[in-house]
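Listed here are the chains, written in short residue letters.
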Amino acid sequence: MDAEQGDIPLLQSNNEQEQQEHWTKSSARKLYGSLSHCALGAFLGLLTAIGLKTIGTSIAIAVLLIFVAINVLAYYGYVNVNWRSLGKNVSQTVRARLDLNTDRGIELQDVGGACKRIGVWCLSFGLPSVLSFSVGFWLGWCVL
């Protein structure tokens, strides 16, 4: 029996080689897809953090100046701001979002339900992409 005559397969038969090649190619494609998705998430998180650090300060100062300008105009009587009505509207909106069992109160059950909704959203969106974005954001915010 000689290997040159083809009686002894050197490694595997052609069918087994095709199956192994198929398995490795499909695994490599899945790994590449996951890694590229995570890399994109991390890159976008990094860009978001850098953008917020760069532009976020300017936006915060602009909001502060607008708030101060509204208060100055209200002080001199040019504008009438009903802060009680604004506070009431905001608190009603927050309570409506957090009160899941609609008993007009926020309890531990409501907070647990809100955490569950957030968790389901994160898992349905894709935990790897959320984690990679978070890692990229942390690198951009804390490290750079």
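Residues numbered from 1 in each chain as written. Predicted model: local features only at pLDDT ≥ 70, side-chain atom pairs only at ≥ 80, totals over all residues. Heavy atoms only, no water.

K.L.:
Explain the overall build of the protein chain residue by residue, including any values.
P.N.:
When helices and strands are tallied, the protein chain shows four helices and zero strands. Helices and strands appear in the protein chain in the N-to-C order α-α-α-α. The buried share of the protein chain, taken over its 144 residues, is 10%. Put simply, 52% of the contacts in the protein chain that link residues at least 6 apart link residues at least 24 apart. For the protein chain, the exposed surface amounts to about 12,100 Å²; the carbon and sulfur share of it is 66%. (Helix = DSSP H or I, 4+ residues; strand = E, 2+ residues; numbered from the N terminus. Buried < 20%, exposed > 50% of the residue type's maximum accessible area, 1.4 Å probe, protein only. Contact = heavy atoms within 4.5 Å. Areas by Shrake-Rupley, 256 points an atom, 1.4 Å probe, with all protein chains shown as cover.)

K.L.:
Outline the layout of surface pockets, listing residues and values.
P.N.:
As a volume, the largest pocket reaches approximately 200 Å³. Lining the largest pocket, in full, are Ser91, Gln92, Arg95, Ala96, Asp99, Arg104, Gly105 and Ile106. Each residue belonging to the lining of the largest pocket can be placed in one class, and the counts come to two nonpolar, three polar and three charged. (1 Å grid on protein atoms, 1.4 Å probe; cavity = no way out; pocket = protein on both sides within 12 Å on 5 of 7 lines; lining within 4 Å. Points joined across faces, edges and corners; volume = space filled by probe spheres on them. Nonpolar A, V, L, I, M, F, W, Y, C, P; charged D, E, K, R; others polar.)

K.L.:
How would you summarise the confidence of the model for the protein chain if you had to cite specific residues and measurements?
P.N.:
This prediction gives the protein chain a mean pLDDT of 78; 82% of its residues lie at or above 70. Within the protein chain, helix α3 (residues 108-125) has the poorest average pLDDT of any element, 76, and helix α4 (residues 127-143) the best, 87. (pLDDT = per-residue confidence, 0-100.)

K.L.:
Describe in detail α4, supporting the description with residues and values.
P.N.:
In this model α4 runs 23 Å from its N-terminal to its C-terminal C-alpha over 17 residues, within 8% of the 24 Å that 1.5 Å per residue would give. Along α4, the positions that sit buried rather than exposed are Ser129, Ser132, Gly136 and Gly140. All buried residues of α4 fall inside an arc of 70° around its axis, so they share one side. More than 90 degrees from the buried face of α4, the exposed residues found are Cys142 and Val143. (Expected span 1.5 Å × (residues − 1). Arc of directions from axis to C-beta.)

K.L.:
Any chance you could break down the environment of Ser34 for me, citing the residues and the numbers?
P.N.:
Tracing the chain through its elements places Ser34 in helix α1 (residues 14-75). The spacing of Ser34 and Ser129 is 95 residues in sequence and 9.1 Å in space, taken between C-alpha atoms.

K.L.:
Can you lay out the environment of Leu100 for me, pointing to particular residues and giving the numbers?
P.N.:
For Leu100, the position within the fold is in the loop between α2 (83-98) and α3. Of the residues examined, Leu100 reaches a relative accessible area of 38% and is grouped as partly exposed. Put simply, Leu100 and Val111 are eleven residues apart on the chain and 8.6 Å apart in space, counted from C-alpha to C-alpha. Apart from residues no more than four positions distant in its own chain, Leu100 is found in contact with Asp110, Gly113, Ala114 and Arg117.

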